[in-house]
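Below are the chains, spelled out letter by letter.
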Amino acid sequence: MSRGRIILSVVVILLGIGVRAWLLREQPVNDEPFPMTLGPEYDPIVATIAAIKPLHEKKHPIQPGDWLEHFPEGGQSYAHYVHAKQHHPLHLDFSKIDVQPLGEFDETQLQLVHRTVEFMGHFFGVPVQELDPLEMGEIPESAQRMRKGERQILTTWILFDILKPRRDPKAIATIALVTGDLWPGDLNWVFGQASLTDRVGVWSLHRNGDPRASQAEFRLCLRRTLKTAVHETGHMLGIPHCAAWECCMNGSRNREESDRQPLEFCHECQAKIWWTCNADPLQRAQSLFDFCQKWGLDKEAEPFRKERDALSLLPGGSKLAR
Ligand SMILES: [Zn+2]
Ligand SMILES: [Zn+2]
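A brief structural summary. (Residues numbered from 1 in each chain as written. Chains lettered and ligands numbered in written order. Predicted model: local features only at pLDDT ≥ 70, side-chain atom pairs only at ≥ 80, totals over all residues. Heavy atoms only, no water.)

### Remarks on the coordination of the zinc ion (ligand 2)
Selection rule: Donor criterion used throughout: N, O or S atom within 2.8 Å of the metal, extended to 3.2 Å for Na, K and Ca. Water excluded; incomplete-looking sites may result. Type-normalised accessible area, obtained with a 1.4 Å probe on protein chains alone, sets the label of each residue: buried when under 20%, exposed when over 50%, and partly exposed for intermediate values.
Protein coordination at the zinc ion (ligand 2): the donors are C242 (SG), C247 (SG), C266 (SG) and C269 (SG), at 2.3 to 2.4 Å from the metal. Donor residues for the zinc ion (ligand 2), ordered by position in the chain, follow C-x4-C-x18-C-x2-C. Assessed through its relative accessible area of 0%, C266 is described here as buried.

### A word on the environment of K53
This is how it is decided: Secondary structure counts use DSSP, requiring at least four H or I residues in a row for a helix and at least two E residues in a row for a strand, with both numbered from the N terminus. We call two residues contacting when some pair of their heavy atoms lies within 4.5 Å.
Structurally, K53 can be placed in the loop between helix 2 (43-52) and helix 3 (67-70). Of the residues examined, K53 reaches a relative accessible area of 31% and is grouped as partly exposed. In the structure, K53 is positioned 214 residues away from H267 in sequence and 5.7 Å away in space, judged by C-alpha atoms. The residues touching K53, leaving out its near neighbours within four places in the chain, are W245 and H267.

### As for the pattern of salt bridges
Put simply, the rule reads: Think of a salt bridge as a Lys or Arg side-chain nitrogen and an Asp or Glu carboxyl oxygen that are within 4 Å of each other.
This model, assessed by the stated rule, comprises 16 salt bridges. One salt bridge connects R212 with D210, and the closest N-O pair in it is separated by 3.1 Å. Accessibility expressed as a relative area gives 33% for D210, which makes it partly exposed. Of the charged contacts in the structure, one is a salt bridge between R305 and E302, with a shortest N-O distance of 2.5 Å. Here the residue R305 and the residue E302 both occupy positions in helix 12 (residues 298-311), the gap between them amounting to 3 residues, near one helical turn. Classification of E302 as partly exposed rests on a relative accessible area of 32%. Three or more residues are tied together by salt bridges with common partners; here these are E302, R305, R308 and D309.

Structural data, given as structure tokens:
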């Protein structure tokens, strides 16, 4: 596949202020999430989805300037995801996610990276490895520019010249975290960018606030970094934007829209993780609740607690047979 085609299927392009997703396929919204065509082997996962569905809210009405106003995507149900068969269950071919700190980080920023890696492990239920920091090295002139007095780095240089040659074949996603501003080549700037086809992604802490300013500001930066981390990794697992439910896989065009979206995936998008990564839903909810409590994310902890309580009522627990 040519690089041009890859870029077209790249996940995130920021239109100066927003994030745009381009995926290989977008499925229509399916409010009847379990068509009869899903076989009985899916019964346990269907029952588990039903157990947490009441905890999730339908997508709120679109506000002026929102993602869906500009990009009326259809969304995708769990059943459509399974039928699309874009990805086999993770454990068949891949065994981990790699996170690569790239360039300069101070101690506070490294704390954000450590916690993001920890959170991603709980969220996806697979090992997430934080690789040793990598120097950015000499950046070609064509891969950098100055904008409003600040240097920006070209995302595609990081994706295809830095990450792709180094990626571990066992990693379903290799993600670089940087502290500087990112630029995709044609638009003004981006929060991040990922390639579904090459299993590489990059995102920046640059626009998430100043984690050194205060404890509250650190938590805000952490919350934003976690959201970007799981959203982009979700794309790398083949999950398109969610259009039917309030969900961290919702598209967003600006910081305000992103900040009002939940950290958790809806029941339909979560099921894609359970299926693809072989994640245990109850263990996942418990460990995410524990994480949020440990790091003072009280508001974010509550939905995970509710999911844990609902899942623990399931007969036979939440083990999903394959
Ligand atoms: Zn996206
Ligand atoms: Zn969703």
